[in-house]
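Residue-level listing of the chains:
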Amino acid sequence: MPPAPTLVKGMRDLLPPETHWFQAVEAAARELFARYGYREIRTPILERTELFARTVGEETDIVGKEMYSFLDRDQTSLTLRPEATAAVARAYVEHRLWEQPGWTRLYYLGPMFRRERPQQGRYRQFSQIGAELLGGDAPQMDAEMLVMLARLLDRLGLSGWTLSLNSLGCAEDRPRFERALREALLPIAPRLCGDCRRRAETNPLRVLDCKRPEDQPLIAQLPTTLDLLDPPCREHFEQVKQLLERAGVPYQLQPRLVRGLDYYTRTAFEFVHGALGAQNALLGGGRYDLLAERLGAPKGAGAGIGFALGEDRLVSAWRAGLAPSDPPPAAEIYLAPLGEAALAPALELAEQLRQAGLSVAAGDARWSAKKHLSTASRQAARWAVLIGEQEIQARQATVKTLANGEQSAVAWPQLAEFFATASGAARA
Ligand code: AMP
């Protein structure tokens, strides 16, 4: 036999109970985003390759090296989305969402694909939770989003995050900044890596995003965008910072933070966490005042700000930062039908308990009581409910509390109430 197929490199299966933490993060995010007026958008996993080339940028690592692209049967080049902001901006334009009154607040969650070198915290399929606030350029929008993110991380009990903040300047600032960078790069470019040497010519801002440790001392000598902001951009950034201070959200200025995507203008940010090691960015984002306009939105209607949070990294920081708490068991009640005759009444009882809101998983009626009890405790159930011939005669169940071994006989109609009371007592 040929060897059995295995996982594709860089991909992973998320198994229970790991998936519990993902669900918990997703539930917290959905709930909090709703409080800020965000609603969910679901865009396709596949987009035209051109969308990412034109927005994320040809010179970025994502577009240049990491996309899963292929030719469809009609020869259209399609790409598994490496990020979702470009897709949300496309949908915003395609469905003319700018016509709706006020700003548009959208959030999304789902898988993204990048063919990066796999390592801890970096996968080729990973999940992002993100949000986009579109339709304006008020500094208030930037601050609102950053405050919401600080609240989300605090709420998840993730103490120890740091917000890194920068302003990349607007479209008018960009040529001035590129000129300054090109000049500063002239003498040092020959000592930088091949990518940097090329980018020094084609897209000098991207040099600041180089991850090669050997290049960092030279990159540290380059001018920063903050030195060259024009007065309106400087004022915009000042207001964002002031609003953050008013809201009590601490930040650190990080003048070399450019992010790995070309569409950002003005505010750019990252939240990093110490528990993550080398891949320490939990989430990143920024303002993109021209993104939707480049995709066809009317002038001024396409400005916005967004972020994407790496769910895989958030879950691992969360688990590293918190006292390890046990995920809930598959089912709180393990039901043991003892023998074929007990099966039908036991299954009926299980249905009644489920209808009362309890979680119940049954074992095989052919198993011995001993095997049932060991299965119940290995599954980490809270109670084992045994139904045998005697119990059927008496219309009772033998309930064993697995934490302390206590056993009691409970009449069928009282079972749901018994568990509700026991749960309440355990919580009190
Ligand atoms: P980006 O879309 O590059 O701005 O990334 C936003 C966030 O997504 C990062 O801060 C990471 O938390 C997460 N992320 C990006 N790439 C990966 C990856 N290959 N594996 C896991 N998480 C990732």
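Residues numbered from 1 in each chain as written. Predicted model: local features only at pLDDT ≥ 70, side-chain atom pairs only at ≥ 80, totals over all residues. Heavy atoms only, no water.

Participant: Quick question: what am I supposed to make of the packing of aromatic side chains here?
Facilitator: Remark: the centre distance and the inter-plane angle together describe each pair of aromatic rings, the angle taken between the planes. Per the stated rule, a full pass over the model turns up ten aromatic pairs. Seen from their ring centres, Trp21 and Trp318 are 5.6 Å apart, and the 85° between their planes marks the pair as edge-to-face. Of this pair, Trp21 sits in helix α1 (residues 18–35) while Trp318 sits in helix α11 (residues 311–321), placing them 297 residues apart in sequence. When sorted by exposure, Trp21 lands in the same class as Trp318, which is buried. With 4.7 Å between their ring centres and 50° between their planes, Trp383 and Phe419 make a pair best called tilted. Taken together, the positions of Trp383 in strand β14 (residues 383–387) and Phe419 in helix α15 (residues 415–427) put the pair 36 residues apart, joining distant regions of the chain. (Phe/Tyr/Trp six-rings, centres within 6.5 Å; stacked < 30°, edge-to-face > 60°. Helix = DSSP H or I, 4+ residues; strand = E, 2+ residues; numbered from the N terminus. Buried < 20%, exposed > 50% of the residue type's maximum accessible area, 1.4 Å probe, protein only.)

Participant: What exactly am I supposed to notice about the sheet that holds strand β10 (residues 281–287) here?
Facilitator: Two modes of strand pairing occur in sheets, parallel and antiparallel, and in both the strands are linked by backbone hydrogen bonds. Reading across the sheet, the eight strands line up as β1-β5-β6-β11-β10-β9-β7-β8 and stay open at both edges, with mixed pairing between neighbours. One side of each edge strand has no neighbouring strand; the edge strands of this open sheet are β1 (39–40) and β8 (252–253). In terms of strand pairing, strand β5 (residues 104–113) meets strand β6 (residues 125–134) through ten bridges, oriented antiparallel. Within β6, the position partnered with Tyr108 by the bridge is Gly130. Those strands touched by helix α5 (residues 139–155) are β5, β6, β7 (161–167), β9 (265–273), β10 and β11 (304–310), and its axis lies near 20° from that of β11. (Pairing = 2+ DSSP bridges. Contact = heavy atoms within 4.5 Å. Axes fitted to C-alpha atoms, helices over the stretch in contact; angles between N-to-C directions.)

Participant: Would you mind showing me how to read the site of the ligand here?
Facilitator: Every one of the 16 residues lining the ligand counts as a neighbour, but Arg114, Glu116, Tyr123, Arg259 and Ala281 are closest to it. With respect to the ligand, the side chain of Glu116 contributes an N or O atom lying 2.6 Å from a nitrogen atom. Here the ligand has 480 Å² of accessible area as a free molecule, and 93% of this is covered by the chains. Mapped onto the shell around the ligand, the elements with two or more residues apiece are β6, β10 and β11. The leading source of residues in the shell around the ligand is β10, at four residues. When the residues that make up the shell around the ligand are grouped by side-chain class, the tally is seven nonpolar, four polar and five charged. (Near = heavy atom within 4 Å. Polar contact = N/O pair within 3.5 Å; in protein donor to acceptor, adjacent residues only side chain to side chain. Areas by Shrake-Rupley, 256 points an atom, 1.4 Å probe, with all protein chains shown as cover. Nonpolar A, V, L, I, M, F, W, Y, C, P; charged D, E, K, R; others polar.)

Participant: I keep staring at the sheet that holds strand β16 (residues 407–411) and nothing clicks. Help me out?
Facilitator: Strand order in the open sheet formed by five strands is β13-β12-β14-β15-β16, and the pairing between neighbours is mixed. Of all strands in the sheet, those bounded by a partner on one side alone are β13 (360–362) and β16. Between one strand axis and the next, the sheet turns through 30° on average, direction left out of account. Across five bridges, the pairing between strand β12 (residues 333–337) and β14 is parallel. Paired with Leu335 across the strands is Val385, a residue of β14. Docked against the sheet, helix α12 (residues 340–355) engages β12, β13 and β14, running at close to 160° with respect to β12. Where helix α13 (residues 369–378) meets the sheet, its contacts fall on β12, β14 and β15 (396–401), and the angle it forms with β12 comes to roughly 170°.

Participant: So what exactly am I meant to see when it comes to the nonpolar core here?
Facilitator: Side chains of a nonpolar character, in soluble globular proteins, are inclined to be buried together. Leu208 and Leu222 are the most contacted members of the largest nonpolar core, which totals 51 residues. Once residues lying within four places of it in the same chain are set aside, the contact partners of Leu222 are Leu181, Ala184, Leu185, Ile188, Val207, Leu208 and Arg256. Among the nonpolar cores identified, the runner-up in size contains 46 residues, and Leu152, Cys233, Leu244 and Phe307 belong to it. (Core = buried A, V, L, I, M, F, W, Y, C linked by side-chain atoms within 4.5 Å.)

Participant: What am I meant to see in the environment of Arg197 here?
Facilitator: Tracing the backbone shows Arg197 in helix α7 (residues 194–202). Note: C-alpha distance between Arg197 and Leu186 (eleven residues apart in sequence) is 9.5 Å. Those residues in contact with Arg197, other than ones at most four positions away along the chain, are Ala189, Pro190 and Leu192. Looking at Arg197, its side chain comes within polar contact range of the main-chain oxygen of Leu192, at 2.7 Å.

Participant: Would you take a moment to explain the packing of α5 against helix α9 (residues 231–247) for this structure?
Facilitator: Each packed pair of helices is defined by two parameters, the angle between the axes and the distance between the axes. Orientation of α5 relative to α9, taken along the N-to-C sense of each, is 35°, at an axis distance of 8 Å. Crossing handedness for the pair α5 and α9: right-handed. The residues of α9 that touch α5, namely those facing Pro139, Gln140, Asp142, Ala143, Leu146, Val147 and Arg151, are His236, Gln239, Val240, Leu243, Leu244 and Ala247. When the residues that make up the contact of α5 with α9 are grouped by side-chain class, the tally is eight nonpolar, three polar and two charged. (Left-handed = near helix turned anticlockwise from the far one by under 90°.)

Participant: Hey, could you run me through α5 in this one?
Facilitator: Each α-helix turn comprises 3.6 residues. Residues three or four places apart therefore point the same way. The terminal C-alpha atoms of α5, which comprises 17 residues, lie 24 Å apart, in line with the 24 Å expected from a rise of 1.5 Å per residue. Judged by how many residues are buried, α5 sits mostly within the fold: 13 of 17 residues are covered. At the exit of α5 stands Gly157, carrying a positive phi of roughly 75°. (Expected span 1.5 Å × (residues − 1).)

Participant: How should I be thinking about the pairing of β6 in this particular structure?
Facilitator: Consecutive side chains of a regular strand alternate in pointing toward one face of the sheet and then the other. Of all ten residues making up β6, nine are buried, and the element is well covered by its neighbours. Where β6 and β11 come together, seven bridges link them in antiparallel fashion. Residue pairing for β11: Ala131 is matched across the bridge by Phe307.

Participant: Looking at this structure, how should I read the side chain of Thr104?
Facilitator: Note on placement: Thr104 falls in strand β5. Exposure remark for Thr104: the relative accessible area of 5% places this residue in the buried category. In this view, Thr104 contacts Tyr92, Leu97, Glu132, Leu133 and Leu134; residues no more than four positions away in its chain are not counted.

Participant: Help me understand the domain arrangement of the protein chain, please; the structure alone is not making it clear to me.
Facilitator: Bring the parts together and some accessible area is lost; that lost area is often taken as the interface size. Assigned domains within the protein chain: domain 1 (18–172 + 230–319) and domain 2 (333–427). Measuring from the centre of the C-alpha atoms in domain 1 to the corresponding centre in domain 2 gives 48 Å. (Domains from an automatic or database assignment.)

Participant: I keep staring at the pattern of salt bridges and nothing clicks. Help me out?
Facilitator: Note on pairing: side chains with opposite charge can pair once their charged atoms come close. One pass over the structure, following the stated rule, counts 32 salt bridges. A salt bridge links Arg35 to Glu31, with the nearest nitrogen and oxygen atoms 3.3 Å apart. Of the two residues, Arg35 and Glu31 are both situated in helix α1; the distance of four residues between them amounts to about one turn of the helix. For Arg35, a relative accessible area of 59% puts it in the exposed group. (Salt bridge = Lys/Arg side-chain N within 4 Å of Asp/Glu carboxyl O.)

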